[in-house]
Amino acid sequence: MTDFILNAQARTDLGKGASRRLRHSANIPAVVYGGDKEAQSLTIVAKEIAKLFENEAAFSHVIELNVDGAKQNVVVKAMQRHPAKGFIMHADFVRVVAGQKLTAKVPVHFVGEEAPVKKGGEISHVVSEIEVSCEAKDLPEFIEVDLANAEVGTIIHLSDLKAPKGVEFVALAHGDDKAVANVHAPRVAADAAEGAAE
């Protein structure tokens, strides 16, 4: 049983015009796929999905998707938001199959930021989420990045993070050890130092 429940209706009216009509009627188009079933187009009440995703944890938890009374467990695969207004325009869900790995994007939580700031550093967050691969039961709510021991000039990469048990970072698995955060000298101080050196 999951704490996150979302109701939807099957949708047969497809295409861009249909999607536009849906949004005008305070609904959004969505799709669910995966497992051994066909992909299914859905209609979801915009207010309901917006309320569910006010809780950041919903992005990295199994959601019980109730389609016309038929329940299935899913996770969010992708979400399209309006570029200016930020409201949800479309959602993709993937079915959860026991024992089968899934990929999902999990939020990043940065902790210990006051330590490098006290040493005169500024912190840049390079990513806000990390794509992981794991079974649904191992899906973490978030990935913690501890910056307490970071010095000025430090770049934190994916390989510096400890993945939770049963969880793999997708980018790392493909050989991409991307930066997650960096601690740098404040821009003003750097400019002043350059000016003094001239």
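Cut-offs and rules
- Residues numbered from 1 in each chain as written.
- Predicted model: local features only at pLDDT ≥ 70, side-chain atom pairs only at ≥ 80, totals over all residues.
- Heavy atoms only, no water.
- UniProt positions renumbered as here; feature names shortened; annotations may be inferred.
- Salt bridge = Lys/Arg side-chain N within 4 Å of Asp/Glu carboxyl O.
- Helix = DSSP H or I, 4+ residues; strand = E, 2+ residues; numbered from the N terminus.
- Buried < 20%, exposed > 50% of the residue type's maximum accessible area, 1.4 Å probe, protein only.
- Phe/Tyr/Trp six-rings, centres within 6.5 Å; stacked < 30°, edge-to-face > 60°.
- Core = buried A, V, L, I, M, F, W, Y, C linked by side-chain atoms within 4.5 Å.
- Contact = heavy atoms within 4.5 Å.

By the naming in an unreviewed UniProt entry, the protein is Large ribosomal subunit protein bL25, taken from Pseudomonas fakonensis. If you open the UniProt record of the protein and go to Function (unreviewed entry), you find "This is one of the proteins that binds to the 5S RNA in the ribosome where it forms part of the central protuberance." Per UniProt, the comment on the protein under Sequence similarities (unreviewed entry) is "Belongs to the bacterial ribosomal protein bL25 family. CTC subfamily."

## Some points on the pattern of salt bridges
Within the structure shown, the criterion is met by 2 salt bridges. Measuring nitrogen to oxygen at the nearest pair gives 3.2 Å for the salt bridge that ties Lys119 to Glu151. One end of the pair, Lys119, is in the loop between helix 3 (114-118) and strand 8 (122-125); the other, Glu151, is in the loop between strand 10 (143-146) and strand 11 (155-157), with 32 residues separating them in the sequence. Residue classification places Lys119 among the partly exposed positions, given a relative accessible area of 43%. By relative accessible area, which is 44% here, Glu151 ends up partly exposed. Put simply, Lys137 and Asp138 hold a salt bridge, and the shortest N to O gap is 3.4 Å. Under the relative-accessibility criterion, Lys137 is labelled exposed at 65%.

## A short note on unusual backbone geometry
The phi angle at Asp68 is positive, at roughly 50 degrees, despite the residue not being glycine. Taking relative accessible area as the criterion, Asp68 reaches 53% and is therefore assigned exposed.

## Let's talk about the packing of aromatic side chains
This model, assessed by the stated rule, comprises 1 aromatic pair. Note on Phe53 and Phe59: the rings are 4.7 Å apart at their centroids and 45 degrees apart in plane angle, and the pair reads as tilted. By relative accessible area, which is 6% here, Phe53 ends up buried. A residue is classified by how much of its surface remains accessible, and Phe59, at 23% relative accessible area, is partly exposed.

## Looking at the nonpolar core
With 27 residues, the main nonpolar core has Ile130, Val132, Leu139, Val145 and Leu161 as its most contacted residues. Contributing elements (two or more residues each) for this core: strand 7 (101-111), strand 9 (129-135), strand 10 and strand 13 (179-184). By residue number, the principal contributor to this core is strand 7, which donates 5 residues. With sequence-adjacent residues up to four places away left out, Ile130 is seen in contact with Ala104, Lys105, Val106, Val108, Ile143, Leu158, Leu161 and Phe169. Listed in part, the 21 residues of the second largest apolar core include Val32, Ala57, Ile63 and Val67.

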